[in-house]
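Listed below are the residues making up each chain.
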Amino acid sequence: MNKPLLAALTTLVITGAGVAPAAAATAGSAAPGRARTAHAAKAVDFAGTVALSNCSGSVIRFPASADSDPALVLSNGHCLETGFPSPGEVVVGQSSSRSFGLLNSAGSQVATLRANQVVYSTMTDTDVTIYQLTRTYAQIKSSYGISPLTVSDTHPVAGTAIKVVSGYWKRTYSCNVDGFVYRLKEGGWTWKDSVRYTSACNTIGGTSGSPVVDTATGKVVAVNNTGNEDGQRCTENNPCEVDQNGNVTVRQGINYAEETYQIPACFTTGNRLDLNAAGCVLPKP
């Protein structure tokens, strides 16, 4: 996970910057995927992102969501207010009254939104928490003129230009998808098919849960979650990459995100979670 927020604040005071990128400790395989055809970049700003008490997030919708549906907020599993879900644990339908600071395009807070439920949260295979809000998309749009970010339902592509947009820090990071990691291991947790950033996205504590936005489409393709800080191997705050043959690669200073394209298939009419829906591969309780 990105370092605890207190540690991140200390780093900023001492250095004024995030973790410096460094070379891999061991050689890794070439990034999978194919090069992306260049497209005109869309303007990516803070509209629709949110600040949590210790993390970042975004108001999201899926391709089939309706304006009348209760709005959802996406963040990390390790940002869950009741603590990190254990390996293998899946939280569904947990009551919540968590608040979120809604930002406009300039990064100014224009409202406080509130959850009534943790719809889904896990740190197994992925690292996500999805909250349901007390307001619909239409109500948020009518009151504040802000639309949600749409979650893409297709797998991201290596080479894609992206922005990591932190509502907590009101800061964006620009880089590219460097490739994909078969298994990303950190402490007791293992994540599948994670996104590896190029070194320019040197995210820090508090950026956890930030949407990773494809600058060509404006859609969310991943959620920011971790980086290797100290060059350690597979420990907390020092994830390691494991390939299909079990080879381990450590890339100090490199940061990662968890893909989100698989989430829309698990939500049906009314933004209702259905883990038994066709195509839904999210872990079940």
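Everything below is about the structure printed above this text.
Residues numbered from 1 in each chain as written. Predicted model: local features only at pLDDT ≥ 70, side-chain atom pairs only at ≥ 80, totals over all residues. Heavy atoms only, no water.

To continue, consider the nonpolar core. Judged by nonpolar contacts, the single largest core of 45 residues is most densely connected at V59, L72, F100, L102, L133 and F267. Looking at this core, the elements with two or more residues in it are β2 (56-61), β3 (70-75), β4 (90-95), β5 (99-103), β6 (109-122), β7 (128-136), α2 (137-144) and β13 (220-227). Looking at this core element by element, the count peaks at six residues for β6. F100 has contacts with V50, A51, L52, V73, A111, T112, L113, R114, A115, Y131 and L133, leaving out every residue within four places of it along the chain. Ranked by size, the runner-up nonpolar core spans 15 residues in total, among them V164, Y173, V195 and V221. (Core = buried A, V, L, I, M, F, W, Y, C linked by side-chain atoms within 4.5 Å. Buried < 20%, exposed > 50% of the residue type's maximum accessible area, 1.4 Å probe, protein only. Helix = DSSP H or I, 4+ residues; strand = E, 2+ residues; numbered from the N terminus. Contact = heavy atoms within 4.5 Å.)

Right, let's talk about the side chain of E241 for a bit. One can find E241 in strand β14 (residues 240-242). Its relative accessible area of 6% is what places E241 among the buried residues.

Turning our eyes to something else, we now look at the state of the cysteines. The final tally for this structure, using the stated rule, is four disulfides. At a sulfur-sulfur separation of 2.1 Å, the disulfide partner of C55 is C79. With the S-S bond torsion at -90°, the cross-link from C55 to C79 turns out left-handed. Taken together, the residues span a long stretch of sequence, with C55 in the loop between β1 (49-51) and β2 and C79 in the loop between β3 and β4 at a distance of 24 residues. (Disulfide = S-S within 2.5 Å.)

With that settled, the discussion passes to unusual backbone geometry. Unusually for a residue other than glycine, N237 sits at a positive phi of about 70°. With respect to the secondary-structure elements, N237 resides in the loop between β13 and β14. One non-glycine residue, N271, lies in the positive phi region at around 60°. With respect to the element layout, N271 can be found in the loop between β17 (267-268) and β18 (272-273).

So, on to the side chain of N225. Note that N225 resides in strand β13. For N225, a relative accessible area of 0% translates into the label buried. In this structure the side chain of N225 is engaged in a polar contact, spanning 3.4 Å, whose partner is the side chain of E258. Discounting residues that sit within four places of it in the chain, N225 has contacts with M1, N2, N76, H78, D127, W191, S208, Y256, A257 and E258. (Polar contact = N/O pair within 3.5 Å; in protein donor to acceptor, adjacent residues only side chain to side chain.)

Taken as a whole and assessed by the stated rule, the structure comprises six salt bridges. Its salt-bridge partner being E241, residue R196 comes within 2.8 Å of it at the nearest N-O pair. Of this pair, R196 sits in strand β11 (residues 189-197) while E241 sits in strand β14; the two residues are 45 residues apart in sequence, bridging distant segments of the chain. What makes R196 buried here is its relative accessible area of 5%. (Salt bridge = Lys/Arg side-chain N within 4 Å of Asp/Glu carboxyl O.)

To continue, consider the packing of aromatic side chains. Within this structure, the stated rule accounts for four aromatic pairs. Consider the rings of F100 and Y131, whose centres lie 5.1 Å apart with planes at 65°: the pair is edge-to-face. With F100 in strand β5 and Y131 in strand β7, this pair connects stretches of sequence that are 31 residues apart. The exposure classification of F100 matches that of Y131, with both residues buried. Cation over ring: R61 sits above Y137, and NZ or CZ is 5.3 Å from the ring centre. In this structure, R183 is placed above the aromatic ring of Y182, and the distance from its NZ or CZ to the ring centre is 4.0 Å. (Phe/Tyr/Trp six-rings, centres within 6.5 Å; stacked < 30°, edge-to-face > 60°. Lys NZ or Arg CZ within 6 Å of the ring centre and 35° of its normal.)

Within the secondary structure layout, N176 lies in strand β10 (residues 171-186). When its relative accessible area of 30% is taken as the criterion, N176 is described as partly exposed. Placed 13 residues apart in sequence, N176 and K163 show a C-alpha to C-alpha distance of 8.1 Å. Every residue in contact with N176, bar those within four places of it in the chain, is listed here: G159, T160, A161, I162, R196, Y197 and T198. A distance of 3.0 Å separates a polar atom in the side chain of N176 from the backbone oxygen of G159.

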